[in-house]
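# Residue-level structural notes
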Amino acid sequence: MSVLVIAEQRNGALREAALEAMTAGRELADALDGECTAVLLGGPGIEDEAEALGRHGADNVLVASDDALAGYAPESYTEVLGRLIEERGPKAVVFAASALGKDLAPRVAARIGAGLASDVTELGSQDGGLYAVRPVYAGKALLRVGFKDSPALASIRPRAYSAQENPRDGQVEKVDVELDPERKRSEVRVEEGEKKGRPDVAEAEAIVSGGRGMQGPENWNLLEDLAEALGPKTGLGASRAVVDAGWRPHSEQVGQTGKVVSPPLYIAIGISGAIQHLAGMRTARCIVAINKDPEAPIFKVADYGIVGDAFEIVPRLSEEIKKLRSEG
Amino acid sequence: MNIIVCVKRVPDSEIRVAIADDGKTLDSQGIKYVLNPYDEFAVEEALKLRETAGEGDVTVMTLGSDDAKETLRTTLAMGADQAVLLKGEPSVDGLGTAEKLAEAIRDRECDLVLFGKQAIDDDNLQVPAMVAELLGLPCATVVVELEVSDGKLEAKREIEGAHELVRFELPGVVAAQKGLNEPRYASLKGIMQAKKKPLEEVDVGTVESRLEVLELKKPEERSGGVIVGEGPDAVPTLLQKLREEAKVL
Ligand SMILES: Cc1cc2nc3c(=O)[nH]c(=O)nc-3n(C[C@H](O)[C@H](O)[C@H](O)COP(=O)(O)OP(=O)(O)OC[C@H]3O[C@@H](n4cnc5c(N)ncnc54)[C@H](O)[C@@H]3O)c2cc1C
Ligand SMILES: Nc1ncnc2c1ncn2[C@@H]1O[C@H](COP(=O)(O)O)[C@@H](O)[C@H]1O
């Protein structure tokens, strides 16, 4: 086995980030001329998710199912993965840099004494070694690191790779789950937030982001309409000024002290484009800015801008997108 | 309640990044260094817990160069009782640093080890969970709410679209996210007192890095700057460009 991909699930369903990690893992395995194996940890029945992993490039899928693994159980997950990695000896282990992956990958790295590159936007092999590229200094620089030893551990930044179908066998192999009760040291329970029905900014395919120019939380319905028009994978973002004013929750803040995002489309509305905000969204593939001030710094990074009043432009934009969508 | 807080000295968040001639490191000329902002939340939480408990000791610890003493003094001025400087160069990945911190923590008696969730220079988000694993301690990362009583801890951590509640018995490890508290400023009195507080220096030898830096570079500047028009009438042109040029619709 050359590449092992940790396939994340929540409530028994694979997450988009798992398929992105799968895609990164498949690409690396191809570069190494090797096999790509996925691992699924979950409760009984989790093997049903193996098919999607095969479709996205898994030659094999190792399934560790046990009631104790249904939800995220940090010590148990670490124990199962640590053992699997030691037994199977992959050259690389790929995680998603999701909330779970960012918590789990360092534990596994410490467990097996391996080097970990976090929040990676590019993973590859060159001159017989593995390397990773990752943003540092809040995205103001890119660091290229080489792994000195095997296995190389990496967590892949959400949206850095887009999930690609690439059908392989996805041969399911059940692995024994033996857990040492001594190791379990914490209880973890998920507390579902109020269902917003919108994806987290870090994972959204498009982000509609509002700044102080929106003038108050009561005007967010305009942004919600636009997100609605763009589709269910569109998330809502905000500048820090908006979060500090209490208009929107901190979980929506984009930037240096919020989330760093790389969606295909980022629409900044009434956001001036301060350096700390840019740090969080400059790696978006396409940036659109709507601002009434033609001198606003956001226009220097935006691919497309419209100068004018958001209260006039945004409703029109939502309307035209809906029209486009209904025409198909 | 004895608490250890691990802190790091990092370049200020407002710096403009310039790359040194070696093509691998930050050009440190003219750069202002500060206490890692997330570590401020960790220090604040430690001080609050000590105050609530009415007893105990807060020790701040860093792995770094002599310059990091200034950072330690900052936390002493906020109210920490003593500081430890582990003299060494932090590793490229988190593990080397975590190993040295874990070793030093193991030798001390403590109920809780606090961290920031992330250092804003390397953005690794690794060290806290690694230290926990190395010490065999339970751990909660990215924590926005914390309650400690009767030797039990409950932490709320951020995950996508929800929260996780993590419960464990002390001793344990917690990494602080923004929102946990409002860090205090050092008072003038605090700054004066800090000068007299103990600062221990320990030589820790070589810190192992499992990763090596191949290159540090600036991301490509975005060309940007195309204003498609003014007011709502520009919307159709924008949509046409989003569909045909950018292909994002
Ligand atoms: C250590 C540190 C960390 C920080 N971290 C972050 C971070 O993570 N994220 C972040 O966003 N910021 C961060 N900031 C804050 C940042 O410096 C800016 O203050 C903030 O981003 C400004 O938010 P804004 O663009 O919404 O508001 P403003 O700068 O006030 O801009 C509002 C914009 O709206 C436009 N406008 C007004 N009315 C309209 C209208 N009717 N139609 C269209 N446009 C209109 C104005 O022309 C203006 O450009 C940080 C700052 C510091 C010091
Ligand atoms: N050199 C260091 N010395 C002490 N603590 C550190 C050091 N590096 C990181 N930490 C701690 O670990 C947290 C996460 O850092 P990182 O894993 O580098 O993002 C920081 O907020 C600090 O609390």
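Here is what the cut-offs are and how they apply
- Residues numbered from 1 in each chain as written.
- Chains lettered and ligands numbered in written order.
- Predicted model: local features only at pLDDT ≥ 70, side-chain atom pairs only at ≥ 80, totals over all residues.
- Heavy atoms only, no water.
- Near = heavy atom within 4 Å.
- Polar contact = N/O pair within 3.5 Å; in protein donor to acceptor, adjacent residues only side chain to side chain.
- Areas by Shrake-Rupley, 256 points an atom, 1.4 Å probe, with all protein chains shown as cover.
- Helix = DSSP H or I, 4+ residues; strand = E, 2+ residues; numbered from the N terminus.
- Salt bridge = Lys/Arg side-chain N within 4 Å of Asp/Glu carboxyl O.
- Buried < 20%, exposed > 50% of the residue type's maximum accessible area, 1.4 Å probe, protein only.
- UniProt positions renumbered as here; feature names shortened; annotations may be inferred.
- Contact = heavy atoms within 4.5 Å.
- 1 Å grid on protein atoms, 1.4 Å probe; cavity = no way out; pocket = protein on both sides within 12 Å on 5 of 7 lines; lining within 4 Å.
- Sits in = over half its atoms within 2 Å of the grid points.
- Expected span 1.5 Å × (residues − 1).

## Quick word on the site of ligand 1
The environment of ligand 1 is made up of 28 residues, and the closest members are S239, T257, S272, Q276 and N291 of chain A. The site occupied by ligand 1 is bordered by residues of chains A and B. Between a nitrogen atom of ligand 1 and a main-chain N or O atom of K292 of chain A, the distance comes to 3.2 Å. Relative to its unbound accessible surface of 990 Å², ligand 1 loses 80% to contact with the protein. Of all the elements in the fold, those that place two or more residues in the shell around ligand 1 are α6 (240-244), α7 (275-281) and α9 (310-327) of chain A.

## Some details on the pattern of salt bridges
Overall, the coordinates contain 47 salt bridges over all chains when judged by the stated rule. Here R222 of chain B makes a salt bridge to D303 of chain A, at a shortest N to O gap of 2.8 Å. With R222 of chain B in the loop between β12 (211-217) and β13 (227-230) and D303 of chain A in the loop between α8 (298-301) and β18 (304-307), this pair bridges two chains. For R222 of chain B, a relative accessible area of 16% corresponds to the buried category. A salt bridge links D66 of chain B to K87 of chain B, with the shortest nitrogen-to-oxygen separation between them at 3.9 Å. Here the residue D66 of chain B occupies a position in the loop between β4 (57-64) and α2 (68-78), and K87 of chain B occupies one in strand β5 (residues 82-87), the gap between them amounting to 21 residues. When its relative accessible area of 26% is taken as the criterion, K87 of chain B is described as partly exposed.

## Description of the UniProt feature "domain: Electron transfer flavoprotein alpha/beta-subunit N-terminal" (unreviewed entry) in chain A
The feature "domain: Electron transfer flavoprotein alpha/beta-subunit N-terminal" (unreviewed entry), as given by UniProt, occupies residues 3-192 of chain A in the numbering adopted here. Helix makes up 27% of residues 3-192 of chain A and strand makes up 36%, while its end C-alpha atoms are separated by 33 Å.

## Structural notes on the environment of T257 of chain A
Position of T257 of chain A relative to the elements: it lies in the loop between α6 and β16 (265-269). Separated by 19 residues in the primary sequence, T257 of chain A and Q276 of chain A place their C-alpha atoms 7.8 Å from one another. Once residues within four sequence positions are removed from consideration, T257 of chain A is found in contact with R240 and H250 of chain A together with Y38 and K178 of chain B. A distance of 3.1 Å separates a polar atom in the side chain of T257 of chain A from a polar atom in the side chain of Q253 of chain A.

## A word on the site of ligand 2
All names here are of chain B. If you check the shell around ligand 2, you find 22 residues, and the closest are C6, D39, A119, L125 and Q126. The separation between a nitrogen atom of ligand 2 and a polar main-chain atom of V7 is 3.3 Å. Protein contact buries 99% of the 480 Å² of open area that ligand 2 shows by itself. A molecule is said to occupy a pocket when more than half its atoms come within 2 Å of that pocket's grid points, and by this definition ligand 2 occupies the second largest cavity. Among the elements that take part in the shell around ligand 2, β4 stands out by supplying 3 residues, more than any other.

## Regarding α9 of chain A
Residue and element names in this part refer to chain A. Here α9 spans 25 Å end to end across 18 residues, near enough to the 26 Å set by a 1.5 Å rise per residue. For α9, the complete set of buried residues consists of A310, I313, V314, L317, S318, E320, I321 and L324. You can read the cap of α9 off the contacts: a side-chain oxygen lies 2.9 Å from the backbone nitrogen of F311, and it is on D309.

## Structural notes on the side chain of R157 of chain A
Residues and elements named next belong to chain A. Looking at the element boundaries, R157 is found in the loop between β11 (152-156) and β12 (171-174). Within polar-contact distance, the side chain of R157 engages the side chain of D119 at 3.4 Å. When residues no more than four places from it in sequence are discounted, the contact partners of R157 are E20, A97, D119, V120, T121, P135, V260, S262 and T283.

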